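Chain residues, written in single-letter form:
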Amino acid sequence: MDNEKTTPATEETVVEEVTEPKKEKKPSKTAQLEEKLAAKEEELAALTDQYQRMLAEYANYKRRTEQEKLQIGAYTKADVLTALLTSVDNMEKAIAAPAGDDYKTGVDLVLRQFMEALNKLGLESVGVEGEPFDPNVHNAVMREDAEGIDEEIVTAVFQKGYKLGDRVLRPAMVKVAN
């Protein structure tokens, strides 16, 4: 054996332990990869949590805005109906009144009141005799050869049109000069 020494006096065999000097162990490649994997798993868990929170927040936002839209629609309907109730009451009174000149006057007043309520809500009438024809707000149902009137001028209005802001709710039915 390499490590055994024999001394002549005692004839003992002494075994020396040979130890290698301690080296600092470098982490093995596997350990390094495991550490990186653990760090990435933690990062993934954090991002997954953040993603799930965002999804939940978005779902709550979507639900809340849908509820608000429904409420706004209901409140708008209520405002419109409230504005029209006075006109309905007066129309019922006009129907209950006896026929005659006062009857026509009553109906005219109710119509005026009704139109005022609609105008307060932003409704505008379109289609006036003598204005230039605009296909965006007029629906020409007839044409006529009219002397002394320029071409493409509204000569008669069969049914008024209405718009709310820039949106045409109903185009005016008109007769237009050739």
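An account of the accompanying structure is given in this report. The structure displayed is predicted, hence computed values, not measured ones.

1. Observations concerning the packing of helix 1 (residues 29-96) against helix 2 (residues 101-120)
Inference 1: Interaxial distance between helix 1 and helix 2 falls to 9 Å at its minimum, and their mutual angle equals 170°. When the axes of helix 1 and helix 2 are compared, the pair comes out roughly antiparallel. Here helix 1 contributes A83, L84, T86, S87, N90, M91, A94 and I95 to the contact with helix 2, which in turn contributes Y103, V107, V110, Q113, F114, A117 and L118.
Inference 2: The residue inventory of the contact of helix 1 with helix 2, partitioned by class, reads 11 nonpolar, 4 polar and no charged.

2. Examining helix 2
Inference 1: Given a rise of 1.5 Å per residue, 20 residues ought to cover 28 Å, and the 29 Å separating the end C-alpha atoms of helix 2 matches this to within 8%.
Inference 2: Residues V110, A117 and L118 constitute the buried set of helix 2. Mapping the buried residues of helix 2 onto a view down its axis gives an arc of 95°, with all of them on the same face. Opposite the packed face of helix 2, turned more than 90 degrees from it, sit the exposed residues D101, D102, K104 and K120.
Inference 3: On its buried side, helix 2 packs onto helix 1 and strand 3 (123-126).
Inference 4: Positive backbone phi, approximately 105°, marks G122, located one or two places after helix 2.

3. Details of the sheet that holds strand 7 (residues 167-170)
Inference 1: A sheet is described by the order of its strands in space; here 3 strands give the open sequence 3-6-7, paired in antiparallel fashion. Edge positions in the open sheet fall to strand 3 and strand 7, since each of these has one partner strand only. Each strand axis lies, on average, 35° off the axis of its neighbour in the sheet, ignoring direction.
Inference 2: Taken together, the 3 bridges between strand 6 (residues 161-164) and strand 7 define a ladder with antiparallel strand orientation. Pairing of Y162 across the sheet is with R170, part of strand 7.

Criteria and thresholds
- Residues numbered from 1 in each chain as written.
- Predicted model: local features only at pLDDT ≥ 70, side-chain atom pairs only at ≥ 80, totals over all residues.
- Heavy atoms only, no water.
- Axes fitted to C-alpha atoms, helices over the stretch in contact; angles between N-to-C directions.
- Helix = DSSP H or I, 4+ residues; strand = E, 2+ residues; numbered from the N terminus.
- Parallel < 35°, antiparallel > 145°, perpendicular 65-115°, else oblique.
- Contact = heavy atoms within 4.5 Å.
- Nonpolar A, V, L, I, M, F, W, Y, C, P; charged D, E, K, R; others polar.
- Expected span 1.5 Å × (residues − 1).
- Buried < 20%, exposed > 50% of the residue type's maximum accessible area, 1.4 Å probe, protein only.
- Arc of directions from axis to C-beta.
- Pairing = 2+ DSSP bridges.

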